[in-house]
Amino acid sequence: MVMGVELEKKLAELIDRHNVPGAQLAVLDGDSLTEVSAGVLSLRTGCPASPDALFLPGSIGKLYTATLVMMLVDEGRIDLDQPVRTYLSDFEVRDHHARDTVTVRNLLTHTSGFDGDIFLDTGRGDDALARYLGDIADLPQICDPGQIWSYSNSGYAILGRLIEVVSGEAFEDALRSRLFAPLALEHTVAFPEEALPHPVAVGHIPDPENPASLMVSPTWGLFRSCGPMGASLVASAGDVMRFVSLNLDGGLAADGARLLSTETVADMQTRQIELVDDTVLGQAWGLGWILDQWGEVSVIGHDGNSIGQNAFMRVAPEHRFGFCLQTNVESALAMYRELATWLFGERLGVGPRPDPEPLPSPSVEDLDRYVGTYDREGVRFVVAAGDSSTLVASITASHAAAEIQDLPPMVDLPLIPVVRDDSFLLKLPISDSELLAVFFNPEDEGQRPTYLHFGGRAHRRTD
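Residues numbered from 1 in each chain as written. Predicted model: local features only at pLDDT ≥ 70, side-chain atom pairs only at ≥ 80, totals over all residues. Heavy atoms only, no water.

Take the sheet that holds strand β20 (residues 457–461) next. Reading around the barrel, the 8 strands line up as β13-β14-β15-β16-β17-β18-β19-β20 and close back on themselves, with antiparallel pairing between neighbours. Going across the sheet, the axis of each strand differs from the next one's by a mean of 30°, ignoring polarity. Both strand β13 (residues 372–376) and strand β14 (residues 379–385) contribute to a ladder of 5 bridges, which runs antiparallel. Across the sheet, Asp375 pairs through a bridge with Arg380, a residue of β14. (Pairing = 2+ DSSP bridges. Helix = DSSP H or I, 4+ residues; strand = E, 2+ residues; numbered from the N terminus. Axes fitted to C-alpha atoms, helices over the stretch in contact; angles between N-to-C directions.)

See the structure below:
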């Protein structure tokens, strides 16, 4: 077992090496939970990070949403394979076939087939999710339900509204009554004003006047309608791991109270669909969980991004070992991978699977196979021929999260071919690491690709 002093020292080394202002780490090993911190919560104030501080875990919060849904499944009030309209009669998307056939399981597993990064400010009232549901009635389809995996924030907002209608509680009230209180999560809240009595991390982004330096994010958090996507969760890393323990203990809280059935816990960690870009993210998706295999060890987890904050959580259930890392920068993937390699290497002799190796030459034989425009709601990829038979990508993001951060178009980014068919490495200016971009055709692998999968999302070719 790695001791607290060693963890604290390692975390301090990592934030210094990766230019992260502050971080928080909680490591679970058996029944022991060790919480440490390093750096500062804000470069503006210099307030030191502490283990009890609250960060924005971002999409890790989707696991809390999924758990609430599965509690209602256990109670016999939701059937995963029933259409969403069974419970939400006012659910609408542009494609009426999809509207009538998308199931609760599709939403949990990101296989609804509709575009999914719609961030809308529908107010702070208890009707925020109901209004959101009405405002996405024209959401377009990128493929038929169940055909491919494409990460969908909007799908989880719909699940949040489903929870409200079936349980009769506002989403945040359901979080408190069904999870926060039974799990004794003393460093977890659901609204920004509830965070005020606690030390709180702020996000940091590159300073537009000096991109080599960081500045405090001008915005903290997203809208109430984004709560079930993960925006409602404000928590310490230790509390995230206390929540995770529910899923390691067969659905039992620390005091022995049963919150989930043993069968439901197992179902949530069972593969539902394989991923296209199965490298740093994971190999497959369960009912809410990322599922992966590191050597001989099965690993589950989830990542989270907020404005200027980035969090990661991975656990080996059979070994009851894992961690949650929370940082106050928008991209800390390289730091996460180094930490995961060290922690899991020391304890279990395994680590995250590496990305495929780049080919010796960046040139591409069949440029026309990939050149084109690939779209999803709020993001456009234009893949073009570069110099010397290479490929470059230009990306324009127009969704609300991009507007909040005032992201400019990202142009002429090299696509580096790797030793895997139709796959490339691509590094965004806002990221600290390369990510895998995969071109594919779900109907016929040998034909010209109809989709570009990047950042967990499928972008459909439109030219």
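Having seen it, we continue.
Attention shifts here to helix α2 (residues 62–74). Here α2 is 13 residues long and its end C-alpha atoms lie 18 Å apart, about the 18 Å a rise of 1.5 Å per residue gives. Taken together, the buried positions of α2 are Lys62, Leu63, Tyr64, Thr65, Ala66, Thr67, Leu68, Val69, Met70, Met71 and Leu72. Downstream of α2 by one or two residues, Gly76 has phi in the positive range, about 75°. (Expected span 1.5 Å × (residues − 1). Buried < 20%, exposed > 50% of the residue type's maximum accessible area, 1.4 Å probe, protein only.)

Here we take up the pattern of salt bridges. Tallying each qualifying case throughout the model produces 29 salt bridges. A salt bridge links Glu92 to Arg85, with the shortest nitrogen-to-oxygen separation between them at 3.5 Å. Residues joined in a network through salt bridges with shared partners are Glu75, Arg77, Glu169 and Arg178. (Salt bridge = Lys/Arg side-chain N within 4 Å of Asp/Glu carboxyl O.)

Here we take up the packing of α2 against helix α6 (residues 153–167). One can describe the packing of α2 onto α6 by two numbers: an axis separation of 10 Å at closest approach and a directional angle of 40°. The orientation of α2 relative to α6 falls into the category oblique. In the crossing of α2 with α6, the sense of the turn from one axis to the other is left-handed. Residue-level contacts link Lys62, Thr65, Ala66, Leu68, Val69 and Leu72 of α2 to Asn153, Tyr156, Leu159, Gly160, Ile163, Val166 and Ser167 of α6. The class makeup of the residues in the contact of α2 with α6 is 8 nonpolar, 4 polar and 1 charged. (Parallel < 35°, antiparallel > 145°, perpendicular 65-115°, else oblique. Left-handed = near helix turned anticlockwise from the far one by under 90°. Contact = heavy atoms within 4.5 Å. Nonpolar A, V, L, I, M, F, W, Y, C, P; charged D, E, K, R; others polar.)

Quick look at the packing of helix α1 (residues 4–17) against helix α11 (residues 333–348) now. To describe two helices that pack against each other, one gives the angle between their axes and the distance between the axes. Contact geometry of α1 with α11 gives a least axis separation of 10 Å together with a crossing angle of 150°. Overall, the two elements α1 and α11 adopt an arrangement that is roughly antiparallel. Here the hand of the crossing between α1 and α11 comes out right-handed. Where α1 approaches α11, its residues Glu6, Leu7, Lys10, Leu11, Leu14, Ile15 and Arg17 are matched on the opposing element by Met335, Glu338, Leu339, Trp342 and Leu343. Looking at side-chain class alone, the contact of α1 with α11 contains 8 nonpolar, no polar and 4 charged residues.

Taking 1.5 Å per residue, 14 residues should reach 20 Å; α1 reaches 20 Å between its end C-alpha atoms and fits that length. Buried residues of α1: Leu7, Lys10, Leu11, Leu14 and Ile15, and no others. All buried residues of α1 project into a common sector of 130° when viewed along the axis, lining one side. Turned more than 90 degrees from where α1 packs its buried face, Val5, Lys9 and Asp16 sit exposed. Close packing links the buried residues of α1 with β1 (22–29), β2 (32–39), β12 (321–327) and α11. (Arc of directions from axis to C-beta.)

Backbone geometry at Asn19 places phi at a positive 55°, although glycine is not the residue there. Along the chain, Asn19 turns up in the loop between α1 and β1. Owing to a relative accessible area of 48%, Asn19 belongs among the partly exposed residues under this scheme. Its identity is not glycine, yet Asp412 carries a phi of approximately 50°, on the positive side. If you trace the backbone, Asp412 turns up in strand β16 (residues 410–417). Accessibility expressed as a relative area gives 53% for Asp412, which makes it exposed.

With that settled, consider the side chain of Asn247. Within the secondary structure, Asn247 sits in the loop between α9 (237–246) and α10 (262–268). On the basis of relative accessible area, Asn247 is assigned to the buried category, the value being 3%. Leaving out residues up to four positions away in the same chain, Asn247 has contacts with Leu260, Val265, Met268, Gln269 and Trp289.

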